[in-house]
Amino acid sequence: TKWRTHSAQKQYSREKASVVATQAFLRGYQTRKQLRVRRIAATKIQRIWRTFRDAEKYRASLGSIILVQSFARRLAATNAAMRRKSAIVVLQSAVRCHLALQFVREKRKEKEGALR
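Being a predicted model, the structure only gives us computed values, none of them experimental.

A. Structural view of the overall build of the protein. For the protein, the count of helices and strands is one helix and zero strands. Taking 2.2 N^0.38 as the reference for a compact globule, 116 residues should give roughly 13 Å; the C-alpha atoms of the protein span a radius of gyration of 49 Å, well beyond that estimate. The principal-axis extent of the C-alpha atoms belonging to the protein is close to 170 × 10 × 5 Å. For the protein, with 116 residues in total, the buried portion stands at 2%.

This is the structure:
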C-alpha cells in the first residue's frame, strides 16, 4: 500500500504540475490577447485624437489665413478706389480748367468787341 500511495502521489503531482502549466499557458495567452486588444484600442483613440487636434489647428489656421486675405483684398480695393478717385479729380480739374479758359477767352472777346 505504501507503494500505491507513493505512486498515486507522484501521479497526482505530475497531473497537478501539468494542469498548472496548462493554466499558466492559457492565462498568459489570454493576457497577451487582452493586451493586444488594449494596444489596438489605445492606438485608435490616439489616431482619433490626433485627427481632431490637427483638424482644429487647420480650422484655426484657415481662420487666420482668411482674415489676412480679407485685409489684403480690402487694402487692394481701397488703393484701387483711391487711384480711381485721383484720376477722376485730375479729369475734373482738366475739364474745369478748359471751361475756365474758354470762359476767359469769351469774356476777352466780348471785352475787345465792346472796346471797338
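B. The arrangement of a positive patch on the surface in detail. A cluster of like positive charges, contributed by Arg32, Lys33, Arg36 and Arg39, occupies part of the molecular surface. Mapped onto the secondary structure, Arg39 falls in helix α1 (residues 2-115).

C. Representation of the pattern of salt bridges within the structure. Going through the model one piece at a time under the given rule, you end up with three salt bridges. Of the charged contacts, one joins Arg53 and Asp54 as a salt bridge, the two residues approaching to 3.6 Å between their closest N and O atoms. Glu110 is paired through a salt bridge with Lys107; the nearest N and O atoms lie 3.8 Å apart. On the criterion of helical spacing, the pair formed by Glu110 and Lys107 is a turn pair, its members being three residues apart in helix α1.

D. Quick peek at the packing of aromatic side chains. For the structure shown, the criterion picks out one aromatic pair. Here Trp49 and Phe52 contribute two aromatic rings whose centre-to-centre distance is 5.8 Å and whose plane-to-plane angle is 40°, an arrangement assigned as tilted. Highlighted residues: Trp49 and Phe52, both in helix α1, separated by three residues, approximately one helical turn. Note on Trp49: relative accessible area 49%, which makes it partly exposed. A relative accessible area of 44% places Phe52 in the partly exposed class.

E. Spotlight on the environment of Ala42. Assignment of secondary structure puts Ala42 in helix α1. Sequence spacing of Ala42 and Lys85 is 43 residues, and the spatial spacing of their C-alpha atoms is 64 Å.

Reading the values: rules and limits
Residues numbered from 1 in each chain as written. Predicted model: local features only at pLDDT ≥ 70, side-chain atom pairs only at ≥ 80, totals over all residues. Heavy atoms only, no water. Helix = DSSP H or I, 4+ residues; strand = E, 2+ residues; numbered from the N terminus. Rg over C-alpha atoms; globule rule 2.2 N^0.38 Å. Buried < 20%, exposed > 50% of the residue type's maximum accessible area, 1.4 Å probe, protein only. Patch = residues over 30% accessible without salt bridge, like charges linked within 9 Å, V, L, I, M, F, W, Y side chains within 5 Å. Areas by Shrake-Rupley, 256 points an atom, 1.4 Å probe, with all protein chains shown as cover. Salt bridge = Lys/Arg side-chain N within 4 Å of Asp/Glu carboxyl O. Lys, Arg positive; Asp, Glu negative; His and termini not counted. Charge placed at Lys NZ, Arg CZ, Asp CG, Glu CD. Phe/Tyr/Trp six-rings, centres within 6.5 Å; stacked < 30°, edge-to-face > 60°.

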